[in-house]
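The lines below spell out each chain.
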Amino acid sequence: SGTGSEACSSCPENTESVAGSTEATSCVCTAGHTGASCDECAANSYKSGTGSEACASCPEDTTSPAGSASAAACVDDSVTTCDANMYLDSGACVSCLANTESVAG
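Everything quoted here is computed from the prediction, not taken from an experiment.

### Things to note about the environment of Ser95
Counting through the fold element by element, Ser95 comes out in strand β10 (residues 92–95). Under the relative-accessibility criterion, Ser95 is labelled partly exposed at 47%. For the pair Ser95 and Ala84, spaced 11 residues apart in the sequence, the C-alpha separation amounts to 9.0 Å.

### As for the state of the cysteines
Per the stated rule, a full pass over the model turns up 4 disulfides. Paired through a disulfide, Cys11 and Cys27 show a sulfur-sulfur distance of 2.0 Å. Negative torsions about the S-S bond denote left-handed disulfides, and the value of about -80 degrees found for Cys11 with Cys27 makes this one left-handed. Within this pair, whereas Cys11 is found in the segment before β1 (15–16), its partner Cys27 is found in the loop between β1 and β2 (28–29), the two being separated by 16 residues in sequence. A relative accessible area of 23% places Cys11 in the partly exposed class. The thiol of Cys96 is not disulfide-bonded; the next cysteine sulfur, from Cys82, is found 9.1 Å away. Classification of Cys96 by relative accessible area gives buried; the value is 18%.

What counts and what doesn't
- Residues numbered from 1 in each chain as written.
- Predicted model: local features only at pLDDT ≥ 70, side-chain atom pairs only at ≥ 80, totals over all residues.
- Heavy atoms only, no water.
- Helix = DSSP H or I, 4+ residues; strand = E, 2+ residues; numbered from the N terminus.
- Buried < 20%, exposed > 50% of the residue type's maximum accessible area, 1.4 Å probe, protein only.
- Disulfide = S-S within 2.5 Å.

Spelled out as structure tokens, the structure:
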């Protein structure tokens, strides 16, 4: 009677799965998120991979905003200017939101 196909469900917020996944347990934390509930990495830490692994601390004398997804987000505390299309947030240069831009400085 049925075709054997079921509707897909979205993974919870801050998680993703590979194409063809059939179980909710296939949803894993996205980069910048960690733990069983995929919370944001705390400020001054980052996680570039997917999964529930712990976030790594930024190197000494660097900071990053919460939810950072790469070591490149850890910047020297003394940064006071940013490149074009970036803005300073808690001592770190952060990319502008989609469809927005800024000038250098």
